[in-house]
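Geometric and topological summary
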Amino acid sequence: MSSSTAFPGQSPLAEMAPLSLCAREPRVPADRLVAEMVPPPRFDSVRFDTYVPDPNQPSQSEAVTVLAGFAAGLGGSHATGSGRRKWFGSKKPAAPTGPRGVYLDGGYGVGKTHLLASLWHATPAEPSLKAFGTFVELTNLVGALGFQQTVQTLSGHRLLCIDEFELDDPGDTVLVSSLLSRLVEHGVALAATSNTLPGKLGEGRFAAADFLREIQGLSAHFRPLRIDGEDYRHRGLPEAPPPYTDEQVTRAAYATPGASLDDFPGLLDHLARVHPSRYGALTDELDAVCLTGVTAVPDQSTALRLVVLADRLYDREVPVLASGLPFDELFSDEMLNGGYRKKYFRAISRLTALARDAKGLVAQ
């Protein structure tokens, strides 16, 4: 919804019409996809010393220690240079046989992305020699550049960080397995987060037996680090605010500079016409997202697209104000009990956090 008139009852000069996500069809050049492979704005300032381990969860402190040592070991000569760097403090020959990276496994909101971004910041290399992106962003990069060009582009890097590492279909299993294997051959260090141990990737999502070899190969690249703990977004925080009325959401959209206003079913239709690699650009320069008429997501393809949008909004700390169903009713019981359940729970957790951030947009 977007127009040149103000919301009824308000002066046209006092309020600007909101933006509309559905009116945006961004075109993103491939070089922007590469340049944007850095920690999202939410994690610009995080460091190892800003991570506060839970004293009741010793695995959190252990993870900080291991990752700090891993980062320190990434100094020295370039991956493709004559000198090989150290891995976990021990010298390796030109073709090391041990794990080439770390894999942070844990539940939602225990600070995995905070630690992964801290590793990126702590690694002693220029930003152009480090890459940070979600699993989806990595597969989208391959789609934009092609496999060989992606290998060539990333092979000179010291470090590749992959957030929310998940295998959603057999094609992605083979693709990422092949890509990481090639990058390891070039001496690129790997670090990843996920909610599933490497050896369990693909479980409950497809016929894992058919791709067990690829999954085991991926697992061999990583040293798993378990991070136990409670979702920090729910520690001592109130439940997500209930949905507002359509009128409240619309008024807030008109009163908030840089806000968008869209009908939720219409937005879901629009997401089907925009490639997920462009969802980040879809949210450029947005200060808030206002949605009316939130309903249950009708099918899994639509649900997975919404998950990607939720990730991009969360990365950019864009508050979400909505009417209709509360966010914990977006996905059906069948979806929440299916193979993609971890993605859906992550989306609910992140949208809930953004809904809390949006409370101040509504006039009291």
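For the structure given in this document, a descriptive report is provided here. The residue numbering used here restarts from 1 in each chain and proceeds along that chain's sequence as written. Given that this is a predicted model, residues contribute local features only at a pLDDT of at least 70 and side-chain atom pairs are listed and counted only at 80 or more, while totals for whole chains, interfaces and linings are drawn from all residues. Calculated side-chain values reflect all of the structure's heavy atoms, with hydrogen atoms and water omitted.

1. Notes on helix H13 (residues 341-357)
For an α-helix, 3.6 residues make a turn, and residues three or four places apart therefore share a direction. In this model H13 runs 24 Å from its N-terminal to its C-terminal C-alpha over 17 residues, within 8% of the 24 Å that 1.5 Å per residue would give. Whether a residue is buried, partly exposed or exposed follows from its accessible area with a 1.4 Å probe, protein chains only, as a fraction of its type maximum: under 20%, in between, or over 50%, in that order. Think of it this way: any DSSP run of H or I at least four residues long counts as a helix, any run of E at least two long counts as a strand, and we number them from the N terminus. Most of H13 sits out of view: 13 of its 17 residues are buried. Each helix should span, by expectation, one fewer than its residue count multiplied by 1.5 Å.

2. Quick notes on the sheet that holds strand S8 (residues 320-324)
When DSSP finds at least two bridges between two strands, those strands are taken to pair. Ordered in space as S6-S7-S8, the 3 strands form an open sheet in which the pairing is parallel. Edge positions in the sheet fall to strand S6 (259-263) and S8, since each of these pairs with one other strand and no more. Each strand of the sheet is rotated relative to its neighbour by a mean of 15°, with strand direction disregarded. Of the pairings in the sheet, the one linking S6 to strand S7 (residues 288-294) comprises 5 bridges and is parallel in character. Paired with Asp-262 across the two strands is Leu-291, which belongs to S7. Here, axes are lines fitted to C-alpha atoms. For helices the fit covers the stretch in contact, and angles between N-to-C directions go from 0 to 180 degrees.

3. Some thoughts on the nonpolar core
Residues belong to a common nonpolar core when they are buried Ala, Val, Leu, Ile, Met, Phe, Trp, Tyr or Cys residues joined through side-chain atoms within 4.5 Å. Counting 37 residues, the largest nonpolar core has Val-289, Leu-291, Leu-306, Leu-330, Phe-331 and Tyr-344 as its most contacted members. Those elements giving two or more residues to this core turn out to be helix H9 (264-271), helix H10 (279-282), S7, helix H11 (300-315), S8, helix H12 (333-336) and H13. Looking at this core element by element, the count peaks at 8 residues for H11. With near-sequence residues (within four places) excluded, Leu-306 lies in contact with Phe-264, Leu-268, Leu-271, Val-297, Leu-330 and Phe-331. Contact between two residues is taken to exist if any of their heavy atoms lie within 4.5 Å; hydrogens are not considered.

4. Let's talk about the packing of helix H2 (residues 58-72) against helix H3 (residues 112-122)
Where H2 meets H3, the axes come as close as 9 Å, and the angle between the chain directions of the two elements is 25°. The orientation of H2 relative to H3 falls into the category roughly parallel. In this structure, H2 crosses over H3, and the sense of that crossing is right-handed. Contacts between H2 and H3 involve Ala-63, Val-64, Leu-67, Phe-70 and Ala-71 from the first element and Leu-115, Leu-119 and Ala-122 from the second. Residues that form the contact of H2 with H3 fall into these classes: 8 nonpolar, no polar and no charged. Every angle not falling under 35 degrees, over 145, or within 65 to 115 is termed oblique; those three ranges are roughly parallel, roughly antiparallel and roughly perpendicular. For any helix crossing, the convention is left-handed if the near helix is rotated counterclockwise from the far helix by under a right angle, and right-handed if that rotation is clockwise. Classification convention: Asp, Glu, Lys, Arg as charged; Ala, Val, Leu, Ile, Met, Phe, Trp, Tyr, Cys, Pro as nonpolar; all other residues, Gly among them, as polar.

5. Describing H11
The end-to-end C-alpha distance of H11 is 23 Å, a good match for the 22 Å that 16 residues give at a rise of 1.5 Å each. Here H11 lies mainly inside the structure; 12 of its 16 residues are buried. Residues of H11 that are buried: Thr-302, Ala-303, Leu-306, Val-307, Val-308, Leu-309, Ala-310, Asp-311, Arg-312, Leu-313, Tyr-314 and Asp-315. Two residues or fewer after H11 comes Glu-317, characterised by a positive phi angle close to 55°.

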